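# Summary of the model geometry
Spelled out, the chains give:
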Amino acid sequence: MLCSRGFPHAFRRFMDFSWPVRSLWPEVRPLFYQQDLLQRNLQELRSSLQLMDKLQSQILEDTEPFRSSVALQPVSYQLDKEGEHFGLTLDTQGFAPEELSVRQVGRKLRVSGKTEKKQEDGKGSYSYRLQEFRQEFDLPEGVNHEDVSCSLSPDGKLHIQAAKVAGAEAAERELTIKRSSEKKT
């Protein structure tokens, strides 16, 4: 190592600068420097992802009232293809008969419903609820397409029935929904 005390005047012009110090030796780094750097970067990424997850869950919690007011999911149904009759029961509770549509196209049944409700709380604000579904079902072979009928029970169940008889393919037709007065269990 060079020392400016031993040769004060000879090396003075070389030793006057203090920055940057240059060395003949390479920079000394820990043996696993690259791995340590990679681990630090990965840890930063993990903490950023955790923060993003927390923010996402908080946003979802804050918007929960809005998400539950719009339901675009299919309604539950029960299908009976066995025996002499075809039967389909859909849980359409909350829908009026005029808000439901059953359309038959050949061997397909297209059932849809849409209801919108506004409620005022009397303080100048209101809530809005939209519920909509669309589902398609295949009629089995041997169902009389002209004999398909549907009814809406008081408990909100939409019943679609047809007798199984060999019949010809039918064109598209709109089915009327009748309100039944008896309660089925």
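In this text, all values refer to a predicted model and were calculated from it rather than measured experimentally. (Residues numbered from 1 in each chain as written. Predicted model: local features only at pLDDT ≥ 70, side-chain atom pairs only at ≥ 80, totals over all residues. Heavy atoms only, no water.)

### Looking at a nonpolar patch on the surface
Where nonpolar side chains cluster on the molecular surface, the patch consists of L38, L42 and L45 and spans about 280 Å² of accessible area. With respect to the helices and strands, the residue L42 is situated in helix α2 (residues 33-62). (Patch = residues over 30% accessible without salt bridge, like charges linked within 9 Å, V, L, I, M, F, W, Y side chains within 5 Å. Areas by Shrake-Rupley, 256 points an atom, 1.4 Å probe, with all protein chains shown as cover. Salt bridge = Lys/Arg side-chain N within 4 Å of Asp/Glu carboxyl O. Helix = DSSP H or I, 4+ residues; strand = E, 2+ residues; numbered from the N terminus.)

### Topic: the layout of surface pockets
Taken as a whole, the second largest pocket encloses approximately 170 Å³ of empty space. If you trace the second largest pocket, you find it lined by Q78, L79, D80, H85, F86, G87, L88, T89, K157, H159, I160 and Q161. Here the lining of the second largest pocket takes five residues from strand β3 (residues 85-91), the largest share from any one element. Along the lines of polarity and charge, the residues of the lining of the second largest pocket split into four nonpolar, six polar and two charged. (1 Å grid on protein atoms, 1.4 Å probe; cavity = no way out; pocket = protein on both sides within 12 Å on 5 of 7 lines; lining within 4 Å. Points joined across faces, edges and corners; volume = space filled by probe spheres on them. Nonpolar A, V, L, I, M, F, W, Y, C, P; charged D, E, K, R; others polar.)

### Focus on the packing of aromatic side chains
Counting across every chain of the model gives one aromatic pair. Taking the centre distance of 5.3 Å and the plane angle of 80 degrees together, the rings of F95 and F133 count as edge-to-face. Taken together, the positions of F95 in the loop between β3 and β4 (100-105) and F133 in strand β6 (residues 126-138) put the pair 38 residues apart, joining distant regions of the chain. In this pair, the class of F95 matches that of F133, namely buried. (Phe/Tyr/Trp six-rings, centres within 6.5 Å; stacked < 30°, edge-to-face > 60°. Buried < 20%, exposed > 50% of the residue type's maximum accessible area, 1.4 Å probe, protein only.)

### Comments concerning the environment of E174
When you line up the elements, E174 lands in strand β9 (residues 173-175). Along the primary structure E174 and V105 are separated by 69 residues, whereas in three dimensions their C-alpha atoms are 8.9 Å apart. If we ignore the near neighbours within four places in the chain, the residues touching E174 are S101, V102 and R103. There is a polar contact of 2.7 Å between the side chain of E174 and the side chain of R103. (Contact = heavy atoms within 4.5 Å. Polar contact = N/O pair within 3.5 Å; in protein donor to acceptor, adjacent residues only side chain to side chain.)

### Quick look at the nonpolar core
One finds L90, V102, L109, V111, V148, L158 and I160 to be the most contacted residues of the largest nonpolar core, which totals 20 residues. What L90 contacts, discounting residues up to four positions off in sequence, is V75, S76, Y77, V111, Q135, F137, G156, K157, L158 and I160. (Core = buried A, V, L, I, M, F, W, Y, C linked by side-chain atoms within 4.5 Å.)

### Some words on the environment of S47
In this fold, S47 is placed in helix α2. Among the polar contacts listed, one links the side chain of S47 to the backbone oxygen of E44, at a separation of 2.9 Å.

### Here's the deal with the side chain of T115
Summarising the element assignment, T115 is placed in strand β5 (residues 108-120). Within the local environment of T115, its side chain forms a polar contact with the side chain of E99, the two groups lying 3.1 Å apart. The residues contacting T115, other than those within four sequence positions of it, are G94, F95, E99, R129, L130 and Q131.

### Focus: the pattern of salt bridges
Between side chains of opposite charge, a pair can form as their charged atoms come close. Going through the model one piece at a time under the given rule, you end up with six salt bridges. The residue R107 makes a salt bridge to E141 at a minimum N-O spacing of 3.1 Å. Here R107, found in the loop between β4 and β5, pairs with E141, found in the loop between β6 and β7 (149-152); they are 34 residues apart in sequence, far enough to count as distant. A residue is classified by how much of its surface remains accessible, and R107, at 30% relative accessible area, is partly exposed. For E141, a relative accessible area of 60% puts it in the exposed group. Across the pair E136 and K108 runs a salt bridge, and its minimum N-O distance is 3.7 Å. On the criterion of sequence distance, the pair formed by E136 in strand β6 and K108 in strand β5 is long-range, its members being 28 residues apart.

In short, the description is geometric, and any link to function would need to be established separately.
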